[in-house]
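Inside the fold
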Amino acid sequence: MNLDLIDKTIIFVKEKLEKAEGGHDWFHIERVYKNAVLIAKEEDCNLNVVKLGALLHDIADSKFHGGDESIGSITAKNFLESQQVDDYTIQQVVAIIDNISFKGGNFEKSFSSKELAIVQDADRLDAIGAIGIARAFNYGGFKNRAMYDPNIAPKMNMTKEEYKKSTAPTINHFYEKLLLLKDKMNTASGKKIAEERHRYMEGFLSQFYAEWDGEE
């Protein structure tokens, strides 16, 4: 059976992320891939770069590699070179990986493209709504963080380093990142989907606080 590049990339990513944390595993990649393909239908873009960028965007997340922010793009570049992918495509995919992350919300991107905008929106959509809530608490449990502590206020406008080192309760993450993503979407399709998922999170937080405080 002759597999195309996308099929080979899927196999590679599944193998690399076989034991990944539940919020950053193959199923996260698959959801982002589907989101990216959906958004790309409404945009003038290089679909092949979008697909590869989505599949490889979290191939080696720095959170799970001692904070090394270069390992993801290096891993992706080595794989694509092994598949004899052209230099332009490799450069575009690597640039997506290097510039997609939130990093506290005040990270200045050194690169922009329609393909990055699409993959970034797709990734951010998976961080909000019902899936986003589940992922936030899954990662909080993975890091043994408190769900909520009324005495620890969210810290806004963190530097990239402060954001990376934060050990705050999971509920704080909603204010420090998740609720900010709606207004950071790049594409019309991304913005539309984000609106609904944002409202869902607001409803969840209202219910959470009511239950926490023992209200009816």
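Only a predicted model underlies this, so the values are computations on that prediction, with no experimental measurement involved.

What counts and what doesn't
Residues numbered from 1 in each chain as written. Predicted model: local features only at pLDDT ≥ 70, side-chain atom pairs only at ≥ 80, totals over all residues. Heavy atoms only, no water. Helix = DSSP H or I, 4+ residues; strand = E, 2+ residues; numbered from the N terminus. Buried < 20%, exposed > 50% of the residue type's maximum accessible area, 1.4 Å probe, protein only. Polar contact = N/O pair within 3.5 Å; in protein donor to acceptor, adjacent residues only side chain to side chain. Contact = heavy atoms within 4.5 Å. Salt bridge = Lys/Arg side-chain N within 4 Å of Asp/Glu carboxyl O. Core = buried A, V, L, I, M, F, W, Y, C linked by side-chain atoms within 4.5 Å. Axes fitted to C-alpha atoms, helices over the stretch in contact; angles between N-to-C directions. Parallel < 35°, antiparallel > 145°, perpendicular 65-115°, else oblique. Left-handed = near helix turned anticlockwise from the far one by under 90°. Nonpolar A, V, L, I, M, F, W, Y, C, P; charged D, E, K, R; others polar.

Topic: the side chain of Arg-135
Within the secondary structure, Arg-135 is located in helix 7 (residues 129–142). Residue class for Arg-135 comes out buried when judged on its relative accessible area of 13%. There is a polar contact of 3.1 Å between the side chain of Arg-135 and the backbone oxygen of Asp-126. Residue contacts for Arg-135: discarding those within four places in its chain leaves Gly-23, His-24, His-28, Arg-31, Asp-126 and Ala-127.

As for the pattern of salt bridges
What the rule picks out here adds up to 6 salt bridges. In this structure, Lys-114 engages Glu-43 in a salt bridge whose closest nitrogen and oxygen atoms are separated by 3.1 Å. Linking Lys-114 in helix 6 (residues 114–125) with Glu-43 in the loop between helix 2 (26–40) and helix 3 (47–56), this pair joins segments that are 71 residues apart in sequence. The class of Lys-114 is partly exposed, set by a relative accessible area of 36%. We note a salt bridge from Asp-126 to Arg-135, for which the minimum N-O separation is 3.6 Å. Neither residue differs from the other here; Asp-126 and Arg-135 are each classed as buried.

Describing the nonpolar core
Formed by 48 residues in total, the largest nonpolar core has its most connected members in Val-13, Leu-56, Leu-80 and Phe-174. It is helix 2 that provides the largest number of residues to this core, a total of 7 residues. If sequence neighbours within four positions are ignored, Phe-174 has contacts with Ile-133, Phe-137, Leu-179, Met-201, Phe-204 and Leu-205.

Considerations on the environment of Lys-184
With respect to the element layout, Lys-184 can be found in the loop between helix 9 (170–176) and helix 10 (188–212). For the pair formed by Lys-184 and Ser-166, sequence separation is 18 residues and the distance between their alpha carbons is 21 Å.

Describing the packing of helix 5 (residues 87–99) against helix 6
Relative to each other, helix 5 and helix 6 sit at 45°, their axes nearing to 10 Å. The pairing of helix 5 with helix 6 is recorded here as oblique in orientation. Judged by the sense of rotation from one axis to the other, the crossing of helix 5 with helix 6 is right-handed. The residues of helix 6 that touch helix 5, namely those facing Gln-92, Ile-96 and Asn-99, are Glu-115, Leu-116, Val-119 and Gln-120. The residue inventory of the contact of helix 5 with helix 6, partitioned by class, reads 3 nonpolar, 3 polar and 1 charged.

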